[in-house]
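A structural walkthrough
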Amino acid sequence: MYQVILSINNNEEVAVLPAVPTDLGPQLPQNNGTYEGLSGDYNTLGPMGLWEMSIASFFPVGRRYSFMPADAWTDGWKMLPFRIIILDGNGVCRMNSPCSVDQFEWHVKRNGDISYSLTLREYRFISGAK
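Residues numbered from 1 in each chain as written. Predicted model: local features only at pLDDT ≥ 70, side-chain atom pairs only at ≥ 80, totals over all residues. Heavy atoms only, no water.

On to the layout of surface pockets. The volume enclosed by the second largest pocket comes to roughly 160 Å³. In terms of lining residues, the second largest pocket is bounded by 11 residues, among which N10, F82, R83, P98 and F125 are the most central. The set of elements that each furnish at least two residues to the lining of the second largest pocket consists of β6 (82–87) and β7 (93–108). When its residues are assigned to classes, the lining of the second largest pocket shows 6 nonpolar, 4 polar and 1 charged. (1 Å grid on protein atoms, 1.4 Å probe; cavity = no way out; pocket = protein on both sides within 12 Å on 5 of 7 lines; lining within 4 Å. Points joined across faces, edges and corners; volume = space filled by probe spheres on them. Helix = DSSP H or I, 4+ residues; strand = E, 2+ residues; numbered from the N terminus. Nonpolar A, V, L, I, M, F, W, Y, C, P; charged D, E, K, R; others polar.)

This is how it looks when you write it as structure tokens:
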């Protein structure tokens, strides 16, 4: 079973998502282009774009379910920027990347838990010329 870890403020606070969707992974766009030549259209290979990932799950509020990792988050009301870290079932890191939240939708369920869907997008730090 995969784990999704949120690192907030450079590991000042670390949270484990309580429920990880079964189909988890980024979409990696290739920024290719097309130009029109004398004999028709041509495809140009461009650089890789920023990855995006959608996650839909829930945050428990004030309760712990049996399927949750021991160190899982039970405070569904925190909303902070973060770094996403994904570990596989053997604890091997499969993704470790800073990201932004581009879309966040949530609603409170009858039992008080918070259902959510969010879209993350890779954040690349801008470095100045040396």
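Counting 17 residues, the largest nonpolar core has W51, M53, I55, F82, I84 and L120 as the members making the most contacts within it. Those elements giving two or more residues to this core turn out to be β1 (3–8), β5 (52–59), β6, β7 and β8 (114–122). With 4 residues, the single largest contributor to this core is β8. In contact with F82, other than residues within four places in its own chain, are L6, S7, I8, P98, C99, V101 and L120. (Core = buried A, V, L, I, M, F, W, Y, C linked by side-chain atoms within 4.5 Å. Buried < 20%, exposed > 50% of the residue type's maximum accessible area, 1.4 Å probe, protein only. Contact = heavy atoms within 4.5 Å.)

So, on to the pairing of strand β2 (residues 13–16). Sheet analysis places β1 next to β2, joined by 4 bridges and oriented antiparallel. Residue pairing across strands places L6 opposite A15, the latter belonging to β2. Where β1 folds back onto β2 in an antiparallel hairpin, the turn is made up of 4 residues, including N9, whose phi is positive at roughly 55°. (Pairing = 2+ DSSP bridges.)

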